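# Residue-level structure breakdown
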Amino acid sequence: MGHGGNVIDELVTDHREVEELFGKIEALPPGHKDRKVYADQAVIELVRHSVAEEAYLYPAVREHVPGGDALADRELEDHATAEQTMKDLEGCDADDAEFDRLIGSLMSEIREHVADEERNLFPKLRAACSTEELDRLGEKVRQAKKTAPTRPHPAARNGLGAAFCHDGPRPVRVTGTAAQRSRRSASRAPRPEPPARPSE
Ligand SMILES: [Fe+2]
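A brief report on the enclosed structure follows. (Residues numbered from 1 in each chain as written. Predicted model: local features only at pLDDT ≥ 70, side-chain atom pairs only at ≥ 80, totals over all residues. Heavy atoms only, no water.)

Along the backbone of the protein chain there are seven helices and zero strands. In sequence order, the secondary structure elements of the protein chain are arranged as α-α-α-α-α-α-α. When the 200 residues of the protein chain are sorted by exposure, 46% land in the buried category. Taking the intrachain contacts of the protein chain between residues at least 6 apart in sequence as the baseline, contacts between residues at least 24 apart amount to 75%. A total of about 9,400 Å² of accessible surface is found on the protein chain, and carbon and sulfur atoms cover 53% of it. (Helix = DSSP H or I, 4+ residues; strand = E, 2+ residues; numbered from the N terminus. Buried < 20%, exposed > 50% of the residue type's maximum accessible area, 1.4 Å probe, protein only. Contact = heavy atoms within 4.5 Å. Areas by Shrake-Rupley, 256 points an atom, 1.4 Å probe, with all protein chains shown as cover.)

This next bit is on the coordination of the iron ion. Coordination of the iron ion by the protein involves His 15 (NE2), His 49 (NE2), Glu 53 (OE), His 113 (NE2) and Glu 117 (OE), with metal-donor separations of 2.1 to 2.3 Å. Here the donor residues of the iron ion are spaced in sequence according to H-x33-H-x3-E-x59-H-x3-E. Here His 49 lies in helix α2 (residues 33–64) and His 15 lies in helix α1 (residues 7–27), a separation of 34 residues in the sequence. Here His 15 falls in the buried class, since its relative accessible area comes to 5%. (Donors = N, O, S within 2.8 Å, 3.2 Å for Na, K, Ca; no water.)

Let us look at the packing of α2 against helix α3 (residues 68–90). Running from amino to carboxyl end, α2 crosses α3 at an angle of 160 degrees, the nearest separation of the two axes being 10 Å. If you check the angle between α2 and α3, you find them roughly antiparallel. Here α2 runs over α3; the crossing is left-handed. Two secondary-structure elements touch here, α2 through Lys 36, Ala 39, Val 43, Leu 46, Val 47, Ser 50, Glu 53, Glu 54, Tyr 58, Val 61 and Arg 62 and α3 through Gly 68, Asp 69, Leu 71, Ala 72, Asp 73, Glu 75, Leu 76, His 79, Met 86, Leu 89 and Glu 90. Looking at the contact of α2 with α3, its residues break down into 11 nonpolar, three polar and eight charged. (Axes fitted to C-alpha atoms, helices over the stretch in contact; angles between N-to-C directions. Parallel < 35°, antiparallel > 145°, perpendicular 65-115°, else oblique. Left-handed = near helix turned anticlockwise from the far one by under 90°. Nonpolar A, V, L, I, M, F, W, Y, C, P; charged D, E, K, R; others polar.)

Here is the structure:
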C-alpha cells in the first residue's frame, strides 16, 4: 500500500500494482473464481489511490501547474466514471456475464487514467514543484492511503478525497457521465468549468 519516494514514485508504483492484478485477471479464463478475487483486490487499491490523489495530488496540480484546474477536473471526471464501474462490479460474481463486461470497462478506464497521468500530468507536476514539495506530497499520499476507505462510493464523489484534505484547497466538484467522458476522450480538450453545486 505504502511504497516510498516522492508523490510521483508512490503513485506510479500503485499503478504498476493494479496493472499486475489486471494481468492476473486477464490470464484466467472467463468465469474463473479467482478473477473476482483479483478484481476485489484491485478495487481496494484503486479506491485508496483515488482518495489520496483527490486529497493531495490534484490540489497540488491546481496550485502549481499552469492550466492545472483543467487537468485536475479531467482526472476527477475519470475517477467518477471508474468509481461507478467499481460499484457496479461489486455485486457481480466471476461467473456473471456482466462481470466480464464491467472488468473490461474498468481495465480500459484505469489504463487510460494511468497513461494520462504518467505521460501528461506527472511530468508537468515534476517540472512545477521542488524536490522537497514532491517528497512532502509523497508522505501525505502515503498517510491518506492508510486511512482511506476501501470501497467505492460514487454517490459521494469528491467528498471522499476532500475529507482527507486538511491543509490544501478542496477539489472542485465535478460530475461526469460516461457520455461526457467518451466525448472528452475523443478530443482531450479542456472543458469549461462545471456549474457550481451546493455544498453538503
Ligand atoms: Fe493515478
